Amino acid sequence: MSLLSVANLTTIFQTGSGEAAAIENVSFDLQEGEILGIVGESGSGKSVTALTIMGLLPTPPARVASGSVVFQGQDLLRLPEAAMRRIRGPGIAMVFQEPMTSLNPVFTIGEQVMETIRAHERLSQRAVFARAVEMLEKVGIPSPAARMTDYPHQLSGGQRQRVMLAIALACRPKLLIADEPTTALDVTIQAQILDLILDLRSEFGMAMIVITHNMGVIAETADRVLVMYAGQAIEEAQVTDLFDHPLHPYTSGLLSCVPTLDQREDRLAAIPGTLPEPGRRPPGCRFAPRCPRAIAECRAAVPGLIMHAPAHTAACIRIGA
Amino acid sequence: MTPLIQATGLTKHFPVRTGGILRRVTTPLRAVEAVDLSIQPGETMGLVGESGCGKSTLGRLLIRLIPATAGQVLFDGVDLLTLDAAALRRARQAMQIVFQDPYGALNPRMTVEDIIAEPLVIAGSTTIRRRAAVGEMLDKAGLPANARDRYPHEFSGGQRQRIGIARALITRPRFVVCDEPVSALDVSVQAQIVNLLADLRAELGLTYLFIAHDLAVVKHISTRVAVMYLGKIVELADRDTLHARPRHPYTRALIASVPAGHPSRRRRGETRRLAGDIPSALHPPPGCRFHTRCPLAIDICRVTEPAVTEPEPGHLIACHVEG
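Because the structure is predicted, anything quoted here is derived from the model rather than measured. (Residues numbered from 1 in each chain as written. Chains lettered and ligands numbered in written order. Predicted model: local features only at pLDDT ≥ 70, side-chain atom pairs only at ≥ 80, totals over all residues. Heavy atoms only, no water.)

1. Remarks on the overall build of chain B
Moving on, step 1. Across its full length, chain B carries nine helices and twelve strands.
Moving on, step 2. Taking 2.2 N^0.38 as the reference for a compact globule, 323 residues should give roughly 20 Å; the C-alpha atoms of chain B span a radius of gyration of 21 Å, in line with that estimate.
Moving on, step 3. Referenced to the eigenvectors of the C-alpha coordinate spread, the extents of chain B come out at roughly 65 × 55 × 50 Å.
Moving on, step 4. Taking all 323 residues of chain B together, 54% fall into the buried category.
Moving on, step 5. A sequence separation of at least 24 residues applies to 64% of the contacts in chain B between residues at least 6 apart. (Helix = DSSP H or I, 4+ residues; strand = E, 2+ residues; numbered from the N terminus. Rg over C-alpha atoms; globule rule 2.2 N^0.38 Å. Buried < 20%, exposed > 50% of the residue type's maximum accessible area, 1.4 Å probe, protein only. Contact = heavy atoms within 4.5 Å.)

If you want it as structure tokens, here you go:
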């Protein structure tokens, strides 16, 4: 059985000009210990997917219109808030992009790590302190006992992200969702944090969902990849298959428009046009207006995800045509 | 060939007030420290480094958008730092800048036409000439002709960056500072803007300083690349040499930190990666500023600042060990 099974998830936002679906019919499975990468650009719905799973979207304006999120056999969407609180932390934990704004500036980092431990476990004050120091040490904070009394502003961006990881992992979650964990960081610090995340994953044996817009982060971390575009999942494959044989024109466009250090072309293969805004998504395939292979039929109906090779699905009617 | 831009000993200190209310002291934040840099006509000089290394400040100093604390900038032989206001305004037509944030850099209350034409208003051009010039720039920047009467909020990030580029190029400058022009854009749009900048360089004979933190983008567009660390240029070479045979340990670490382009080349746990964070520019380390994070540091690095050497023609490096 899968650790997490998301099926037909649709989340709708109430906006000034009516309702708009942030994500539509998103489905995927996650096995124990696996790292799923979710890649997409702004407005693709990757963060909304994560926040819907965590039950962290404010209602209203958000509303889960359909679908299920089955984690260890129970549907999280049907759990009362009190039960959901017991899932967050020991079950599923999350780290966010902005380590600056995700930490409370008026509490010490020690207090913030200990708060999480206290919320979920009955331990003596001394044991809570010891566990917090241990967590800070595991995430590579130098002289952790002395740092317990530091405030977030005294730490660098990379150190803050390490503290976020310590908080997220303090209750030994089965699943860690990392939403753009390295986007705000410099490249040398990004490399340190990615190394750390993968080390911690091996040590704690947890499953992960890594959400990013950066194909390099996917290449470095993911076992399997889900590609999202304008609120829909459009391709899913093992990471090597996706990089070697991308099926959807958007995926191959995304892979070839990003310059890498080892390529030699003098001109980048740009994808024309811009991403559709949630209220102005085109009918049919949402990528059709930017797609070099689009035909009239593409604009008629939304293509479904179809399996084209073992464990490799894509939503495009032009594959093989 | 005479360089288009020649900076010597260029330095910028920002005064920063630190300390408690009763013990307030002003400490200089050493953003750019004694930088020498020359840029040849027609080339694209890439400038890379982590946040806070001074790369944007250096870009602004080169076109005197901010005053330098010390040093000299020659623009086509003319000393920019000694020009009076009127002469500087004339010189400015030949030097422009494209900013990182296409949302913050455009006035939301001005039409696209007014935004793009503003540099010409300052230059004192006639209304008729301005209308024609805007039309031509819209076309060159890949914007529809009907964009002129619309406002910035009606455009996506990529299109706004095209507006910023049209504004920078309307005075027909010779030198353009591109300050992280694609890092705020979605990846599928970045390539369009990089290609546009490359096309316009060829068409209009431009010279660029291309500032970015993304090494792959810089490698793609540049002819030469300078690497900056804590206010200093630590290595400079043509782009292929810099990536194939980087000499400075910081450059090597930067390259090793770039995520792989393919899952088969994962770089997890590579030893050349850097430990620690970039130190504060308020209190830069003595000696070589990189020694606190350098895997090769020896005693002299902690005491004496390394001079710039040229171990092979065109390859500059400031390092005691590898220089």
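2. Some words on the overall build of chain A
Moving on, step 1. A count of helical and extended segments in chain A gives eleven helices and twelve strands.
Moving on, step 2. What you see for chain A is a C-alpha radius of gyration of 21 Å, in line with the 20 Å of a compact globule of 321 residues.
Moving on, step 3. Across the 321 residues in chain A, those meeting the buried criterion constitute 55%.
Moving on, step 4. Here the contacts in chain A between residues at least 6 apart in sequence split such that 65% fall between residues at least 24 apart.
Moving on, step 5. Accessible surface for chain A amounts to roughly 13,500 Å². Of this, 53% is attributable to carbon and sulfur atoms.
Moving on, step 6. In chain A, 27 positive and 32 negative side-chain charges are present, and the distance between their average locations comes to 5 Å. (Areas by Shrake-Rupley, 256 points an atom, 1.4 Å probe, with all protein chains shown as cover. Lys, Arg positive; Asp, Glu negative; His and termini not counted. Charge placed at Lys NZ, Arg CZ, Asp CG, Glu CD.)

3. A word on the interface of chain A and chain B
Moving on, step 1. Counting residues at the interface gives 46 residues for chain A, matched by 40 residues for chain B.
Moving on, step 2. Each partner contributes to the roughly 3,700 Å² buried at the junction of chain A and chain B, and carbon and sulfur atoms together form 51% of this total.
Moving on, step 3. Taken together, the connections running from chain A to chain B amount to one salt bridge.
Moving on, step 4. Put simply, Asp199(B) and Arg267(A) hold a salt bridge, and the shortest N to O gap is 2.8 Å.
Moving on, step 5. On the surface where chain A and chain B come into contact, there are 17 residue pairs in polar contact (both at pLDDT 80 or more).
Moving on, step 6. Counting only elements with at least two residues in the side of chain A that touches chain B, the list comes to helix H8 (187–204), helix H9 (215–221), helix H10 (239–244) and helix H11 (249–257) of chain A.
Moving on, step 7. For the side of chain A that touches chain B, the leading source of residues is H8(A), giving nine residues.
Moving on, step 8. Grouping the amino acids of the side of chain A that touches chain B by side-chain chemistry returns 20 nonpolar, 14 polar and twelve charged. (Buried area = accessible area lost by both parts, 1.4 Å probe. Salt bridge = Lys/Arg side-chain N within 4 Å of Asp/Glu carboxyl O. Polar contact = N/O pair within 3.5 Å; in protein donor to acceptor, adjacent residues only side chain to side chain. Nonpolar A, V, L, I, M, F, W, Y, C, P; charged D, E, K, R; others polar.)

4. A closer look at helix H4 (residues 109–120) of chain A
Moving on, step 1. With twelve residues, H4(A) extends 18 Å between its outermost C-alpha atoms, agreeing within 8% with the 16 Å of an ideal straight helix rising 1.5 Å per residue.
Moving on, step 2. Those residues of H4(A) not exposed but buried are Ile109(A), Gly110(A), Gln112(A), Val113(A), Met114(A), Thr116(A) and Ile117(A). (Expected span 1.5 Å × (residues − 1).)

5. Points about a nonpolar patch on the surface
Moving on, step 1. On the surface, a cluster of nonpolar side chains totalling about 280 Å² of accessible area is made up of Leu296(B), Ile298(B), Ile300(B) and Val321(B).
Moving on, step 2. As for its placement among the helices and strands, Leu296(B) is situated in the loop between helix H9 (249–257) and strand E11 (309–312). (Patch = residues over 30% accessible without salt bridge, like charges linked within 9 Å, V, L, I, M, F, W, Y side chains within 5 Å.)

6. So, the pattern of salt bridges
Residues and elements named next belong to chain A.
Moving on, step 1. Taken as a whole, this structure holds 35 salt bridges over all chains when the rule is applied.
Moving on, step 2. For Asp150, the salt bridge identified is with Arg147, shortest N-O distance 2.5 Å.
Moving on, step 3. One continuous salt-bridge network, built from bridges that share partners, spans Glu134, Lys138, Arg172 and Glu203.

7. Describing the pairing of strand E7 (residues 175–179) of chain B
All names here are of chain B.
Moving on, step 1. Judged by how many residues are buried, E7 sits mostly within the fold: five of five residues are covered.
Moving on, step 2. Every second residue of E7 is oriented toward a common face, with Phe175, Val177 and Asp179 on one face and Val176 and Cys178 on the other, all of them buried.
Moving on, step 3. Alignment of E7 against strand E8 (residues 207–212), held across five bridges, turns out to be parallel. The residue of E8 that forms the bridge with Asp179 is Ile211.
Moving on, step 4. Where the polypeptide runs from E7 across helix H6 (residues 187–204) and back to E8, its parallel neighbour, the crossover connection is right-handed. (Pairing = 2+ DSSP bridges. Right-handed = clockwise from strand over helix to strand, strands pointing away.)

8. Some words on the packing of aromatic side chains
Residue and element names in this part refer to chain A.
Moving on, step 1. Per the counting criterion, the structure on display carries six aromatic pairs over all chains.
Moving on, step 2. When the centroid spacing of 5.2 Å and the interplanar angle of 65° are considered together, the rings of Tyr250 and Phe287 count as edge-to-face. Pair noted here: Tyr250 is in helix H11 and Phe287 is in the loop between H11 and strand E11 (306–309), with a separation of 37 residues, a long-range link.
Moving on, step 3. Through a chain of ring-to-ring contacts, three or more aromatic side chains come together here, namely Tyr229, Tyr250 and Phe287. (Phe/Tyr/Trp six-rings, centres within 6.5 Å; stacked < 30°, edge-to-face > 60°.)

9. Overview of the sheet that holds strand E9 (residues 224–229) of chain A
All names here are of chain A.
Moving on, step 1. Taken in spatial order, the eight strands line up as E6-E7-E8-E3-E9-E10-E12-E11 in an open sheet, and their pairing is mixed. Only two strands of the sheet have a single partner each, and these edge strands are strand E6 (92–95) and E11. Averaged over all pairs of adjacent strands, the angle between strand axes in this sheet comes to 20°, irrespective of strand direction.
Moving on, step 2. Bridge analysis of strand E7 (residues 175–179) against strand E8 (residues 207–212) gives five bridges, and the strand direction is parallel. The residue bridging Leu176 from the neighbouring strand is Met208, located in E8. (Axes fitted to C-alpha atoms, helices over the stretch in contact; angles between N-to-C directions.)

10. Section: the side chain of Thr11(A)
All names here are of chain A.
Moving on, step 1. With respect to the helices and strands, Thr11 occurs in strand E1 (residues 4–15).
Moving on, step 2. Using a relative accessible area of 0% as the deciding quantity, one classes Thr11 as buried.
Moving on, step 3. Contacts of Thr11, omitting those with residues within four sequence positions, involve Ala20, Ala21, Ala22, Ile23, Val48, Thr52, Leu57, Ala62, Arg63 and Val64.

11. Focus on the sheet that holds E11(B)
Residue and element names in this part refer to chain B.
Moving on, step 1. If you walk across this open sheet you meet the eight strands as E6-E7-E8-E3-E9-E10-E12-E11, and the pairing is mixed. Each edge of the sheet is formed by a strand with only one pairing partner; in this case those strands are strand E6 (95–98) and E11. Averaged over all adjacent pairs, the angle separating strand axes in this sheet is 20°, with direction ignored.
Moving on, step 2. Pairing of strand E10 (residues 232–238) with strand E12 (residues 315–317) involves two bridges; the strand directions are antiparallel. By the bridge assignment, Glu235 is partnered in E12 with Ile317.
Moving on, step 3. Here helix H5 (residues 157–169) sits on the sheet in contact with E6 and E7, set at roughly 175° to E6.
Moving on, step 4. Against the sheet, H9 touches strand E3 (44–48), strand E9 (224–229) and E10, its axis set at about 100° to E9.

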